[in-house]
Each structure stands twice: as C-alpha cells, then as structure tokens.
Amino acid sequence: MSLLLRALGALPFRVLYVLSDVIFAVVYYLVHYRRRLVRANLAAAFPDMSTDERRKVERRFYRNFCDYFVETLKLSSISDEEMRRRMVFDNPELIDGLLDRGLSVAVYFNHCFNWEWAPSVTLWSAHATDPTVRFCQVYRPLKNEGFDRWFLKLRSRFHSVSLAKHSVARDLLRMRRDGLLSVTGFMSDQRVSHLDSTLPVSFLGRPTEAILGTELLASKLGLAAVYWDLTRTSRGHYRITTRLISDNPAELPQGELTRRYFSLLETTIRRDPANWLWSHNRWKRVNHPNK
C-alpha cells in the first residue's frame, strides 16, 4: 500500500486533480460518504442559508475534501520551492519574534484544508535551522499502524516532530528542561475525548464542549499562544496568517484563551464554509450517528 501511495504522490498536480475529480464523483454521488452528517452540521451552523445555498457549500466541501486527499499524497514528493509557492505564510516574523524573546509558542490550528501542509512553516521561519528550537505538531495515533507510520513520515517532511497527544505535556516539559524552545501546533477544534478537560463554549450557534488542554498547557508552561488563520486562495494554493492571541496566557482568566480561539475559528469558517471538515462528528453527543 505504501508503494502505491508513494507512486500516486509522484504524479504531477494536474493528474492528481483529475484523480480528485473522479474520487469526488464516487464519494459524493455514489457512496454518499457521511452526507447526512455533513448536511445536518451545515443546517445547524447556517440556518439562514437556503437549502440550495447549503447544497453548493456541501458540494464544494466534498471537492475540497478530495483535493485534501491528493494534496496530502503529494507531500511525499513536493519540492521546498513548490511548497513555498503553494502554502504562503504571511507574517512568519510574528512567531520568530516570540522565539527571539525566549518564548515557546502554542499554535492553535484547525481542520481547514489543507492542514497537512502547515508544517511547511519551517520553510519560512528564521529559526528553522536553529538547534535550540523544535517545530512540532500534536497528533492522535491512528489505529492502523501502517497508516500511522505513513502519516508520521509525511508530517516530518519539513523536519518537524510529531508528538503524541497522550505524552505532549511530558515532551514539552522535557524540551524546556533541555533548554529548547518549541513551536507546537494543536488541532484544538476536535471533538473532546473522555480524558480531555473541557470548557462549554458557543460555536457556530451551538453549545459545544471545547478542549481546554491546550490552554492549560500554555498557561502552565508559559507558552505564547497564536492562531493560524488559513485561507484557500485557489485550487492547491493556501495562505496562513498568524494572529497573536496572547503572549502570556497565564494572565488571562481560565477559559478566555479557548474562547478567543473559537471566536477566531468561527470567523475563519464563516468566511469560507466549504473549507472546514464538516464530515467530522464534532457534536457527537448531540447528533445522531451517521450511517
């Protein structure tokens, strides 16, 4: 399977996007992959949209979702130069400035397409080759060990380190003890698990349980907190703007950092609804399971 995935990843983008169009037709019109769930989530988030408007968002979402798949495959072969053209970081100096001040950074990110390309921030940072700085991302290990190894390899393409969610606190503490600074991405829009500390927030017009762990870590370890605002500028081209949330989260009332993140995330989603992962059952505890 890995040989096939690597072979597909070596194809030029124009061929991969033809493949994406074929996958879209199968997934959307034949398989109906999680379509009931996507429709329910869109209806709840955008009750003022007409049905026709939501169907247009829905179809664009599935096209973006299929593009995400082939773009992720391309990580196995894409050059640094091409990635810099396709994933642009507007203001990398904001994170560099925090590192210059001796602050490690928690990056609040989300499942907007294509999040798998975001570790290419190392192509933009003045600290990319600094031996005292580590660029990291938190991940949840996959049940399939083969796919887990494959994704970990792709995510290290730009020399970042993947930290398992269950050990991220220990890993960041160890880095700090070793005198290292870190820039760590947290996908904090996921559904909470039974072990997560949570905070009730209003998100997309719905009561939502938010993961509080990112905020607790930032406050405990003295991390600055930023938000990555991702925009899809055209097919296969993206732009990330870094927005400072707080350079000292410990000074904020508990919950404030998380609320600010969800407010920023909602603005991102409402700007381009088709670019967020609506097929994820974010509200599982209130939605009926999708078949």
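Please read these numbers as outputs of a predicted model, since none were measured by experiment. (Residues numbered from 1 in each chain as written. Predicted model: local features only at pLDDT ≥ 70, side-chain atom pairs only at ≥ 80, totals over all residues. Heavy atoms only, no water.)

S.K.: Which residues make up the side chain of aspartate 229, and what are the values?
M.R.: Mapped onto the fold, aspartate 229 is located in strand β8 (residues 224-234). At 2.8 Å, the side chain of aspartate 229 and the side chain of threonine 268 are in polar contact. Those residues in contact with aspartate 229 that lie beyond four places of it in its chain are Arg239, Ile240, Thr241, Arg243, Thr268 and Arg271. (Helix = DSSP H or I, 4+ residues; strand = E, 2+ residues; numbered from the N terminus. Polar contact = N/O pair within 3.5 Å; in protein donor to acceptor, adjacent residues only side chain to side chain. Contact = heavy atoms within 4.5 Å.)

S.K.: Any details on a nonpolar patch on the surface? Residues and values, ideally.
M.R.: On the surface, Val18, Val22, Val26, Tyr29, Leu30, Val31 and Tyr33 cluster together into a nonpolar patch covering about 670 Å² of accessible area. Its place among the elements puts valine 26 in helix α2 (residues 13-31). When its relative accessible area of 37% is taken as the criterion, valine 26 is described as partly exposed. (Patch = residues over 30% accessible without salt bridge, like charges linked within 9 Å, V, L, I, M, F, W, Y side chains within 5 Å. Areas by Shrake-Rupley, 256 points an atom, 1.4 Å probe, with all protein chains shown as cover. Salt bridge = Lys/Arg side-chain N within 4 Å of Asp/Glu carboxyl O. Buried < 20%, exposed > 50% of the residue type's maximum accessible area, 1.4 Å probe, protein only.)

S.K.: Tell me what's going on with the nonpolar core, and back it up with residues and numbers.
M.R.: Ranked by size, the top nonpolar core spans 86 residues in total, and within it Leu172, Phe203, Trp228, Trp276 and Trp278 carry the most contacts. Among the elements that make up this core, the one with the highest residue count is helix α4 (residues 51-73) (seven residues). Discounting residues that sit within four places of it in the chain, tryptophan 276 has contacts with Phe61, His111, Cys112, Phe113, Asp189, Phe203, Leu204, Leu265, Ile269, Arg282 and Trp283. (Core = buried A, V, L, I, M, F, W, Y, C linked by side-chain atoms within 4.5 Å.)

S.K.: Go over the environment of aspartate 130 with me, naming the residues and quoting the values.
M.R.: When you line up the elements, aspartate 130 lands in the loop between β2 (105-109) and β3 (133-139). Considered as a pair, aspartate 130 and leucine 180 are 50 residues apart in the sequence and their alpha carbons are 10.0 Å apart.

S.K.: Which residues make up helix α10 (residues 256-271), and what values do they have?
M.R.: Along its 16 residues, α10 runs 23 Å from first to last C-alpha, staying within 8% of the 22 Å computed at 1.5 Å per residue. Restricting attention to buried positions, one finds in α10 the residues Leu257, Thr258, Tyr261, Phe262, Leu265, Glu266, Thr268 and Ile269. Looking at the buried side of α10, the elements it contacts are β2, β6 (198-203), β7 (206-211), α9 (213-221), β8 and β9 (237-246). (Expected span 1.5 Å × (residues − 1).)

S.K.: Give a detailed account of the packing of aromatic side chains, specifying residues and quantitative values.
M.R.: With the rule as written, the count across this model stands at 30 aromatic pairs. Ring plane angle 10° and centroid distance 5.5 Å describe the contact between phenylalanine 24 and tyrosine 28, whose orientation is recorded as stacked. With a gap of four residues between them, phenylalanine 24 and tyrosine 28 both fall in helix α2, about one helical turn apart. For the pair formed by phenylalanine 24 and tyrosine 28, the shared burial category is buried. Ring plane angle 85° and centroid distance 5.8 Å describe the contact between phenylalanine 203 and tryptophan 276, whose orientation is recorded as edge-to-face. Of this pair, phenylalanine 203 sits in strand β6 while tryptophan 276 sits in the segment after α10, placing them 73 residues apart in sequence. Taken together, the ring pairs in this structure connect Phe24, Tyr28, Tyr29, Tyr33, Phe61, Tyr62, Phe65, Tyr68, Phe113 and Trp115 into an aromatic cluster. Taking the ring centre of tyrosine 28 as reference, the NZ or CZ of arginine 35 above it sits at 4.8 Å. For arginine 84, the ring lying beneath its charged end belongs to tryptophan 124, and the centroid distance is 3.9 Å. (Phe/Tyr/Trp six-rings, centres within 6.5 Å; stacked < 30°, edge-to-face > 60°. Lys NZ or Arg CZ within 6 Å of the ring centre and 35° of its normal.)

S.K.: I'd like a description of the packing of helix α3 (residues 35-45) against α4, backed by residues and values.
M.R.: α4 packs onto α3 with a crossing angle of 130° between their chain directions and a minimal axis gap of 10 Å. With respect to α4, the axis of α3 lies oblique. Along this stretch, α3 crosses α4, giving a crossing that reads as right-handed. Across the interface between the two elements, Arg35, Val38, Arg39, Leu42 and Ala43 from α3 touch Arg54, Arg55, Val57, Glu58, Phe61 and Tyr62 from α4. Tallied by class, the residues present in the contact of α3 with α4 amount to six nonpolar, no polar and five charged. (Axes fitted to C-alpha atoms, helices over the stretch in contact; angles between N-to-C directions. Parallel < 35°, antiparallel > 145°, perpendicular 65-115°, else oblique. Left-handed = near helix turned anticlockwise from the far one by under 90°. Nonpolar A, V, L, I, M, F, W, Y, C, P; charged D, E, K, R; others polar.)

S.K.: Quick rundown of empty space enclosed by the protein? Include the residues and the values.
M.R.: If a probe the size of a water molecule is rolled over the atoms, the empty space left behind becomes visible. Within the structure shown, the criterion is met by one cavity of 30 Å³ or more. Every residue along the wall of the largest cavity is listed here: Leu75, Glu116, Pro119, Leu154, Arg155, Ser156, Arg157 and Phe158. Residue composition of the lining of the largest cavity, by class: four nonpolar, one polar and three charged. (1 Å grid on protein atoms, 1.4 Å probe; cavity = no way out; pocket = protein on both sides within 12 Å on 5 of 7 lines; lining within 4 Å. Points joined across faces, edges and corners; volume = space filled by probe spheres on them.)

S.K.: Any details on the pattern of salt bridges? Residues and values, ideally.
M.R.: This model, assessed by the stated rule, comprises 20 salt bridges. When the shortest N-O distance is used, the salt bridge between aspartate 21 and arginine 235 registers 2.9 Å. Taken together, the positions of aspartate 21 in helix α2 and arginine 235 in the loop between β8 and β9 put the pair 214 residues apart, joining distant regions of the chain. Judged by relative accessible area, aspartate 21 falls into the partly exposed class, the value being 31%. The exposure class assigned to arginine 235 is partly exposed, which follows from its relative accessible area of 34%. Between arginine 260 and glutamate 256 there is a salt bridge, with the nearest N and O atoms lying 2.9 Å from each other.

S.K.: Tell me about the confidence of the model for the chain, and name the residues and values.
M.R.: Looking at the chain as a whole, its pLDDT mean stands at 94, while 97% of the residues score no less than 70. Low pLDDT, under 50, characterises residues 286-291; the predicted model gives this stretch ten contacts beyond four residues in sequence or across chains. (pLDDT = per-residue confidence, 0-100.)

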